[in-house]
Amino acid sequence: MRDNWPPEKIALTPGKRVLFLTKDLGLIKQQLYDGLNLRMEDLSVEDLLDDINTDVMTPAWVCFDHEPSEIAKNAYAGLMHNGLRVFREKALKDGNFEVIVSGQRKGTGSSRETAAQCERWAGINIVIAASFAPIHERNNINLGQLMGDHAMLERLQDGEEIALSEFTGRYDPVTQLILERGGLFPFAKALKAGSLDLPPLDTPTRPMTMAERIISRNLVGQPDGQCVKPEDPVIAEVQGGYSHEFTTAQVHTFLQEEYGADYALPNPSKFAVFEDHLLYAQHNPKFVPFMHKVQTLRDLQVAFQQHAGVRDYSAVDGVSPGICHQVAREEFIEIGDFIQATDSHTCMGGASNALTWGVGATEYANLVSAGFTFVKVPESIRFELVGELNHGCTAKDVILAILADHARKELTLNRSMEFGGPGLTSLSVDERATLCNMATECSGRTGICEADDALMEWMLNSQSNLDEVEQRARMVKPDEGAHYHGGVHTIDLSSIVPMVAHPGDPDEGIPSDPTNGANISDIGAVQVDIAYGGSCTAGKEDDIAYYAEVCQAAKDAGLAVKEGVDFYIQYGSGQVKALAERKGWHALFLEVGVKLIDPGCGACIGAGPGVSITPEQVTVSAINRNFQGRSGPGKLYLASPLTVAASAFTGTISAWNSELFA
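Predicted, not measured: the structure shown is a model, and the values here were computed from it. (Residues numbered from 1 in each chain as written. Predicted model: local features only at pLDDT ≥ 70, side-chain atom pairs only at ≥ 80, totals over all residues. Heavy atoms only, no water.)

Caption draft 1: Structural context of the pattern of salt bridges. In total, this model carries 34 salt bridges according to the counting rule given. Across the pair Asp405 and Lys409 runs a salt bridge, and its minimum N-O distance is 2.8 Å. Given the relative accessible area of 30%, Asp405 is considered partly exposed. Through salt bridges that share partners, Arg382, Glu384, Glu418 and Glu450 make up one connected network. (Salt bridge = Lys/Arg side-chain N within 4 Å of Asp/Glu carboxyl O. Buried < 20%, exposed > 50% of the residue type's maximum accessible area, 1.4 Å probe, protein only.)

Structure below.
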């Protein structure tokens, strides 16, 4: 890490530069290659790029390197203009920049800490934005990156020195200490050595939301029954966690660097590794040149598992047990757990009435070595579901509607998205998992659903070792009178219609984003080349049942997958595939022309069959995010499993109804 960082007074270093990520990509190129220097006083926040996602900062292939210094060489490799990289190799580092500036919601999307690392190891010390996605903000904090606003930048460019406290003062006392120490590892070492003290928690008794209640009962060093409130900085135990081959190598490397080659974990049985994300990477021609790096990641995960003794979910004979988020909820997440893992879709576990969210490699390495984690209690937003969905609509349409409305208005930003109400009981546990899974697309901290008898039945069927009495005792519900900073919002499920998130128009400055919601009835005839059903959000048992419903109707109508369309279905886990085989769905899919893929991740991260190959191809996909280039260079529409399957047979994006093939 950096020596003597941060200083008590923050100022721009003579000779160092400020990089403005403008919507005019030509201006970025002039700054990178022609020596152009801009000033904040001559720009507005509206001139700056919004929603810069972590796939743009470090595309999947960049993450095949696990050393941050190597990752930094390809910072912002995913920012494209006319098919070419805006940032050439080493462009950020060679530009001699120490400040980087953007607009709203910096760092949306994946929890990959590499996005923050690419800036930090390219020489960036200060990150300026109007707002930050929560996990990305936390990753910056853990790396000791200072974050500020545009007014602070104007002062710095005017030659002013700004007190460090202005950068840290908006955070809770623990986060301030982490930043003042230069990052999470220096902070943790100081805490362990007794050279700093944490502030006492004095929150009085109060009604709490579900997230607050779970954090409260996991507090370390506090009396039983101690309440918490949003922004409280606390130390909390976690009941488990996991990493996958995209992230484990960094965890192993960081632990060796910080604690020596003989480091040991205090509770290895509570944690796991999964081989799921890169299992099919060789199917993407773009990734073939990097397969030796992929193998290094696999080898380092094996080394970590054998060294640390964590649970092992490696592929066997090339077949993965499944996607980590799906397998975790099937096999070891229990009701009321607090779970953290190195992937943004960890929040899918909230369907089990558990508190689950993604963290970066640094934070995960720290929590598995310490046995506890540092938490700033999040605010909450409540979604009161009423009514029932109409046939042809799924939970995916519900969350697309929330994305297009509440998330676009930033009501969900960094908040725990709490789902409850009578309408929730009409949704299966798998459908609830879809809502929670895509909380991260809403830039929320997590999603969590209330518990009921349906959840209890699902848990006992999935994990036969569980004791029903114990699990019921662990159920969490919000206290009467709990306060929701994001408000309480009623969602009438009967008003939901089939939706997509469209791919935007990058040439016109409209980024491809999950918040680009549109009713299918309003988009016209959009021809598709690829239909993809899979990923953690759409490879569950209920999702496979949706695909089967449409495929059976197509078979009955004498139809096969439309000529010129590739229809892929990828199972989320071995259990899901086994169900499809028992039900006869597996054979049905093959009969009507579906291309089946064994369990694991794939096209969702551009690493498997189902990615587009050319910019002209159009994909309708049941995955959770459609950032430009994430699943190939083509245009990608997000949709429900029913819409994806229906579109595969019609050749155009089509809402499903039982008369579609009549």
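Now that the structure is up, let's keep going.
Caption draft 2: View of empty space enclosed by the protein. In this structure the tally under the stated criterion is five cavities of 30 Å³ or more. Roughly 330 Å³ of volume is contained in the largest cavity. Lining the largest cavity are 31 residues, with Ser110, His244, Phe246, His277 and Asp343 sitting closest to its centre. Here the second largest cavity defines a volume of roughly 120 Å³. Surrounding the second largest cavity, 15 residues form its lining, Arg138, Trp357, Val359, Glu363 and Arg445 being those nearest its centre. (1 Å grid on protein atoms, 1.4 Å probe; cavity = no way out; pocket = protein on both sides within 12 Å on 5 of 7 lines; lining within 4 Å. Points joined across faces, edges and corners; volume = space filled by probe spheres on them.)

Caption draft 3: Molecular detail of helix 12 (residues 248–259). With twelve residues, helix 12 extends 16 Å from end C-alpha to end C-alpha; this agrees with the ideal 16 Å at 1.5 Å per step. Inspection of helix 12 places Thr248, Ala249, Gln250, Val251, His252, Thr253, Phe254 and Leu255 among the buried residues, and these make up the whole buried set. Looking at the residues trailing helix 12, positive phi occurs at Gly260, about 95°. (Helix = DSSP H or I, 4+ residues; strand = E, 2+ residues; numbered from the N terminus. Expected span 1.5 Å × (residues − 1).)

Caption draft 4: Representation of unusual backbone geometry. Cis geometry is adopted by the peptide bond preceding Pro6, which originates at Trp5 and carries an omega value of 0°. Phi is positive for Tyr76, which is not a glycine, with a value near 60°. One can find Tyr76 in the loop between helix 3 (68–71) and strand 3 (80–81). Tyr76 gets classed as buried once you look at its relative accessible area, which sits at 1%. Positive phi, normally seen in glycine, also occurs at Asn96, with a value near 60°. Relative to the helices and strands, Asn96 is located in the loop between helix 4 (91–94) and strand 5 (97–101).

Caption draft 5: Spotlight on helix 18 (residues 453–462). Buried within helix 18 we find Leu455, Met456, Trp458 and Met459. Along the axis of helix 18, the buried positions cluster into a sector of 165°, meaning they face one direction only. Exposed and facing more than 90 degrees away from the buried side of helix 18 are Asp453, Glu457 and Asn461. Buried residues belonging to helix 18 abut helix 14 (324–331), helix 17 (429–437) and helix 19 (468–474). (Arc of directions from axis to C-beta. Contact = heavy atoms within 4.5 Å.)

Caption draft 6: Examining the environment of Arg445 more closely. Within the secondary structure, Arg445 is located in the loop between helix 17 and strand 18 (446–449). Considering only alpha carbons, one finds Arg445 and Ile520, 75 residues apart in sequence, at a separation of 29 Å. Ignoring anything within four residues of it in the chain, the contact list for Arg445 reads Pro134, Trp357, Lys376, Pro378, Asn414, Arg415 and Ser416. A distance of 3.3 Å separates the side chain of Arg445 from the side chain of Asn414, its partner in a polar contact. (Polar contact = N/O pair within 3.5 Å; in protein donor to acceptor, adjacent residues only side chain to side chain.)

Caption draft 7: Seen up close, the nonpolar core. By size, the foremost hydrophobic cluster in this structure holds 82 residues, and its most contacted members are Tyr76, Phe87 and Leu92. When residues no more than four places from it in sequence are discounted, the contact partners of Phe87 are Leu19, Leu21, Ile28, Leu32, Tyr33, Ala75, Tyr76, Leu79 and Leu92. Ile569, Leu588, Ala646 and Ile653 belong to the second largest nonpolar core, which has 41 residues in total. (Core = buried A, V, L, I, M, F, W, Y, C linked by side-chain atoms within 4.5 Å.)

Caption draft 8: Geometry of the packing of aromatic side chains. With the rule as written, the count across this model stands at 19 aromatic pairs. For the pair Tyr242 and Phe274, a centre-to-centre distance of 5.5 Å together with 75° between the ring planes defines the contact as edge-to-face. Pair noted here: Tyr242 is in strand 10 (residues 240–244) and Phe274 is in strand 11 (residues 271–274), with a separation of 32 residues, a long-range link. With a relative accessible area of 1%, Tyr242 lands in the buried category. Judged by relative accessible area, which is 0%, Phe274 ranks as buried. (Phe/Tyr/Trp six-rings, centres within 6.5 Å; stacked < 30°, edge-to-face > 60°.)

Caption draft 9: Just the layout of surface pockets, in detail. Estimated volume of the second largest pocket: approximately 340 Å³. Taken together, 21 residues form the lining of the second largest pocket, with Phe132, Glu137, Arg170, Leu413 and Asn414 sitting closest to its centre. When contributions to the lining of the second largest pocket are tallied by element, the ones reaching two or more residues are strand 7 (146–148) and helix 8 (164–168). A breakdown of the residues in the lining of the second largest pocket according to their chemical character gives nine nonpolar, three polar and nine charged. (Nonpolar A, V, L, I, M, F, W, Y, C, P; charged D, E, K, R; others polar.)

Caption draft 10: The arrangement of the environment of Gly392 in detail. If you trace the backbone, Gly392 turns up in the loop between strand 16 (379–386) and helix 16 (395–407). Its relative accessible area of 2% is what places Gly392 among the buried residues. Spatially, the C-alpha atoms of Gly392 and Leu642 are 6.7 Å apart, while their sequence positions differ by 250 residues. For Gly392, the contacting residues outside a window of four places in its chain are Asp397, Pro498, Leu642 and Trp656.

Caption draft 11: Examining the pairing of strand 10 more closely. Burial runs high along strand 10: five of the five residues are buried. Burial of the side chains of strand 10 extends over both faces: Gly240, Tyr242 and His244 are buried on one face and Gly241 and Ser243 on the other. Both strand 10 and strand 13 (residues 338–341) contribute to a ladder of three bridges, which runs parallel. Residue Gly240 lies in a different strand from strand 13, and its bridge partner there is Ile339. The pairing of strand 10 with strand 11 spans four bridges and is classified as parallel. Considered in strand 11, the bridge of His244 is made with Phe274. Assessed by its sense of winding, the connection that carries the chain from strand 10 through helix 12 to strand 11 is right-handed. (Pairing = 2+ DSSP bridges. Right-handed = clockwise from strand over helix to strand, strands pointing away.)

Caption draft 12: Geometry of the sheet that holds strand 19 (residues 488–492). The sheet built from four strands is open, its strands ordered 18-17-16-19 with parallel pairing. Only two strands of the sheet have a single partner each, and these edge strands are strand 18 and strand 19. Ignoring strand direction, the axes of neighbouring strands in this sheet form an average angle of 25°. Strand direction decides the pairing type here: strand 17 (residues 415–420) and strand 18, joined by four bridges, are parallel. Within the sheet, the bridge partner assigned to Ser416 lies in strand 18 and is Thr446. Along the sheet, helix 17 makes contact with strand 16, strand 17 and strand 18, crossing strand 18 at roughly 155°. (Axes fitted to C-alpha atoms, helices over the stretch in contact; angles between N-to-C directions.)

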